[in-house]
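One-letter residues, chain by chain:
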Amino acid sequence: MGIFDYFERKRREQERKRLAEKAGAVLTGAALGGLAGILFAPESGDKTRKKIAEKSKDAALNVKSSVEDLADSVQYKAYQAGETSRKIMGDLKEKASDAKEDFKDAVENAKYKARAIGEVISEKAEDAKEDVKEKAEEVKEKGKKAAEDVKEAAKEVKKDVKDGAKEVKKDIKK
């Protein structure tokens, strides 16, 4: 039993109580009116009884009509309540469906953005890899050049040392 059913049942119970009170008031009024009519009747017994019978029939018809009107009113109110609850449920279902679609769209958008970010990162990684390769080549070339420069400097130092040694020998001989 849903919350709407519970509220509908409570509303119907209150409506029935109200209708029973109205019907009781109408019947009590009719009975008191009939009793007052008998007590204060200015006419003879036969005429009074006929009038009472007519008035009772009229009262019964009025009560029957009131009860039928009341039943129709209750049925109409129940129909309105049912239609309102169906509309509310339809609106809630529609909002839930819309929210579900919005969520799906958000997920798809997030996936798209993640793919785009992944592609950018991949491109940047490739660029970085290429930069590292280029820098490694540059370092290698500079290392080779430095090695050649060191070799050349070593040859010059060797020559200078030989020349210095020769001069030291000359100086020692002198």
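Each remark here, short or long, concerns the structure printed above.
About the criteria used
- Residues numbered from 1 in each chain as written.
- Predicted model: local features only at pLDDT ≥ 70, side-chain atom pairs only at ≥ 80, totals over all residues.
- Heavy atoms only, no water.
- Patch = residues over 30% accessible without salt bridge, like charges linked within 9 Å, V, L, I, M, F, W, Y side chains within 5 Å.
- Areas by Shrake-Rupley, 256 points an atom, 1.4 Å probe, with all protein chains shown as cover.
- Salt bridge = Lys/Arg side-chain N within 4 Å of Asp/Glu carboxyl O.
- Helix = DSSP H or I, 4+ residues; strand = E, 2+ residues; numbered from the N terminus.
- Lys, Arg positive; Asp, Glu negative; His and termini not counted.
- Charge placed at Lys NZ, Arg CZ, Asp CG, Glu CD.
- Buried < 20%, exposed > 50% of the residue type's maximum accessible area, 1.4 Å probe, protein only.

Caption draft 1: Expanded view of a nonpolar patch on the surface. On the surface, I3, F4, Y6, F7, I88, M89 and L92 cluster together to form a nonpolar patch covering roughly 640 Å² of accessible area. Secondary structure elements with two or more residues in the nonpolar patch: α1 (3-39) and α2 (45-173). The dominant element in the nonpolar patch, judged by the number of residues it contributes, is α1, at 4 residues. Within the fold, M89 resides in helix α2.

Caption draft 2: Layout of a negative patch on the surface. The grouping of E119, E123, E126, D127, E130, D131, E134 and E138 at the surface amounts to a negative patch. Looking at where E123 falls in the secondary structure, it is placed in helix α2.

Caption draft 3: Structural view of a positive patch on the surface. On the surface, a cluster of positive charge is made up of K158, K162, K166, K169, K170 and K173. Assignment of secondary structure puts K162 in helix α2.

Caption draft 4: Looking closely at the pattern of salt bridges. Counted according to the given criterion, the structure contains 8 salt bridges. Where R12 meets E8, a salt bridge forms, and the shortest distance between an N and an O atom there is 3.4 Å. Remark: E8 and R12 occur in helix α1; sequence separation between them is 4 residues, near one turn of the helix. With relative accessibility at 15%, the residue E8 sits in the buried group. Across the salt bridge formed by E108 and K111, the nearest N and O atoms sit 3.7 Å from each other. In this pair, E108 and K111 are both assigned in helix α2, 3 residues apart and thus about one turn of the helix distant. Members of the salt-bridge network, linked through shared partners, are E8, R11 and R12.

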